[in-house]
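So the chains spell out like this:
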Amino acid sequence: MSDATAAPTASVISDRINAMQESQTIAMAKMARELAAQGVDVISLSFGEPDFQTPQYIKDAAKKALDDGYTFYTPVPGYPDLRQAICDKLQRENNLAYKPENIVVSTGAKQSLANAVMSLVNPDDEVIVFSPYWVSYEEMVRLAEGKTVTLVGSLENGFKATAQQLEEAITPRTKLVMYSSPCNPTGAVFSREELAAVVEVLMRHPQIYVLADEIYEYINFEGEHVSMAQFDEIKDRVITVNGFSKGYAMTGWRVGYLAANKEIACACEKIQSQITSGTCSIAQRAALAALQGGRTSADEMVEAYRRRRDMVLELVKDIPGFRTPTPSGAFYIFPDVSGYFGKTTPEGKTINSAYDLALYMLHDGHVAAVDGGAFGAPNCLRFSTAAADEKLREAFIRIKYSLAKLV
């Protein structure tokens, strides 16, 4: 064989991409879709997506935007009136004072998070991530060539990491702390007292910034949402990320935003200008209408999520081996299922991990969940409760029946 026709000995794909993992949430949803395409009645509780339609007034605003000619490129950080509306929202609901220059609108909160990580993290910088964590945090840090340091919150503490754990994990290389509240995947909500203790630690380490993911802000069953940036002592070191996908059932519209000090906001705008430029014009006009329309529709959805949470918690009480803290927000349950490790399926396969259990439930009970290892919690499974009541009831009946077959 000549040199010209010799098979390549290494991948042409870059090392940074080869090092990344596929999103387990998307991978499980893909497997569920493939089974459904074969005619199998699969109940998917894998995706973190509201099952509600976007409120009609928001859809109407998008239609009007088309008629009004909003079909051109937008400013990279977002339309000025949308950025002002976000500032008004942050002042009104979070007691946070920002100017439009502090706001960058992006193609979903995921891009906002990625922009912030890429703007702040240098190779070998350490990023402390409160665990369990959303699946993409670690991959974003890896892409920025940083090092993830996980702080694992105990089940007994509702999966919430503590200020003491943070203090013990900080090193001279620590650059950033990432967390979500309400948390995906656990539904944990950090109280004012808990965040105040974290702030006290961070005050002793002025080189550390905080990336606070608040995308589930409205889906909070505790009543009070506390933003880290409300603590004036560290406000300039906090990047707050939020968006419209969860609270307004606008997942497909892809609109998120961040609020940060001007230097960081400018850096995020700079990277966005070279990757995607401005967010879709029509989606931005819809997002503006969402903010102007208030929280009535969001609050109605939250009541449905609360009812579903309570119903599912009652259902899982009848499933032996599920250790399930009560989530205070979001729309997931996150049980520890390690009691099933070592058991055997009717086909003779041993369940060695939460991933094995998820695959078994998918193929035997036809219910899709996500392996907790993707969230930094390998003993757990994540089930979305953002599904119709009858689907949730049927799903957990199937799960109970399938698990009873394990010996």
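Residues numbered from 1 in each chain as written. Predicted model: local features only at pLDDT ≥ 70, side-chain atom pairs only at ≥ 80, totals over all residues. Heavy atoms only, no water.

## A few points about the sheet that holds strand E6 (residues 209-213)
So, point 1. Read from one edge of the open sheet, seven strands run E2-E8-E7-E6-E5-E3-E4, paired in mixed fashion. Two strands bound the open sheet, and with one partner strand each, they are strand E2 (103-106) and strand E4 (147-152). Going across the sheet, the axis of each strand differs from the next one's by a mean of 20°, ignoring polarity.
So, point 2. Note that strand E3 (residues 126-131) and strand E5 (residues 174-180) share four bridges and pair parallel. The residue bridging Ile 128 from the neighbouring strand is Val 177, located in E5.
So, point 3. Packing of helix H4 (residues 80-94) onto the sheet brings it into contact with E2, strand E7 (238-243) and strand E8 (256-259), and relative to E2 it is tilted by some 115°. (Pairing = 2+ DSSP bridges. Helix = DSSP H or I, 4+ residues; strand = E, 2+ residues; numbered from the N terminus. Axes fitted to C-alpha atoms, helices over the stretch in contact; angles between N-to-C directions. Contact = heavy atoms within 4.5 Å.)

## Digging into the packing of helix H5 (residues 109-120) against helix H9 (residues 262-275)
How two helices pack is summed up by the angle between their axes together with the distance between the axes.
So, point 1. As a packed pair, H5 and H9 sit with axes 9 Å apart at the nearest point and diverge in direction by 110°. Here H5 is positioned roughly perpendicular relative to H9, judged by the angle of their axes. Listed contacts from H9 to Gln 111, Asn 115, Ala 116, Met 118, Ser 119 and Leu 120 of H5 are Ile 264, Ala 267, Cys 268, Ile 271 and Gln 272.
So, point 2. Broken down by class, the residue content of the contact of H5 with H9 amounts to seven nonpolar, four polar and no charged. (Parallel < 35°, antiparallel > 145°, perpendicular 65-115°, else oblique. Nonpolar A, V, L, I, M, F, W, Y, C, P; charged D, E, K, R; others polar.)

## A word on the UniProt feature "domain: Aminotransferase class I/classII large" (unreviewed entry) in the protein
So, point 1. The UniProt record marks residues 41-395 with the feature "domain: Aminotransferase class I/classII large" (unreviewed entry), using the residue numbering of this structure.
So, point 2. With 37% helix and 14% strand, residues 41-395 has end C-alpha atoms that lie 11 Å from one another. (UniProt positions renumbered as here; feature names shortened; annotations may be inferred.)

## Section: helix H13 (residues 389-403)
So, point 1. Over its 15 residues, H13 runs 21 Å from end to end, which matches the ideal 21 Å to within 8%, given 1.5 Å per residue.
So, point 2. Those residues of H13 hidden inside the fold are in contact with strand E1 (43-44), helix H11 (296-316), strand E9 (332-333), helix H12 (354-365), strand E10 (367-368) and strand E12 (381-384). (Expected span 1.5 Å × (residues − 1).)

## Observations regarding the sheet that holds strand E11 (residues 370-371)
So, point 1. Strand order in the open sheet formed by three strands is E9-E12-E11, and the pairing between neighbours is antiparallel. Because the sheet does not close on itself, it has two edges, and the strands there are E9 and E11.
So, point 2. Of the pairings in the sheet, the one linking E9 to E12 comprises two bridges and is antiparallel in character. By the bridge assignment, Tyr 332 is partnered in E12 with Ser 384.

## Remarks on the domain arrangement of the protein
So, point 1. Each domain of the protein was delimited in the assignment, giving domain 1 (15-52 + 297-404) and domain 2 (73-293).
So, point 2. Centre-to-centre, using C-alpha coordinates, domain 1 lies 26 Å away from domain 2.
So, point 3. Counting from both sides, the interface comprises 34 residues of domain 1 and, opposite them, 30 residues of domain 2.
So, point 4. Taking both sides of the interface into account, the surface hidden between domain 1 and domain 2 amounts to around 2800 Å²; carbon and sulfur atoms contribute 64%.
So, point 5. Looking only at domain 1, the three residues that lose the most surface to domain 2 are Ser 328, Ala 330 and Phe 375, adding up to 20% of its buried area.
So, point 6. Taken together, the links from domain 1 to domain 2 amount to one salt bridge.
So, point 7. Sorting the residues of the side of domain 1 that touches domain 2 by element identifies helix H1 (15-18) and H11 as the ones contributing at least two each.
So, point 8. Per element, the largest residue contribution to the side of domain 1 that touches domain 2 is seven residues, and it comes from H11. (Domains from an automatic or database assignment. Buried area = accessible area lost by both parts, 1.4 Å probe. Salt bridge = Lys/Arg side-chain N within 4 Å of Asp/Glu carboxyl O.)

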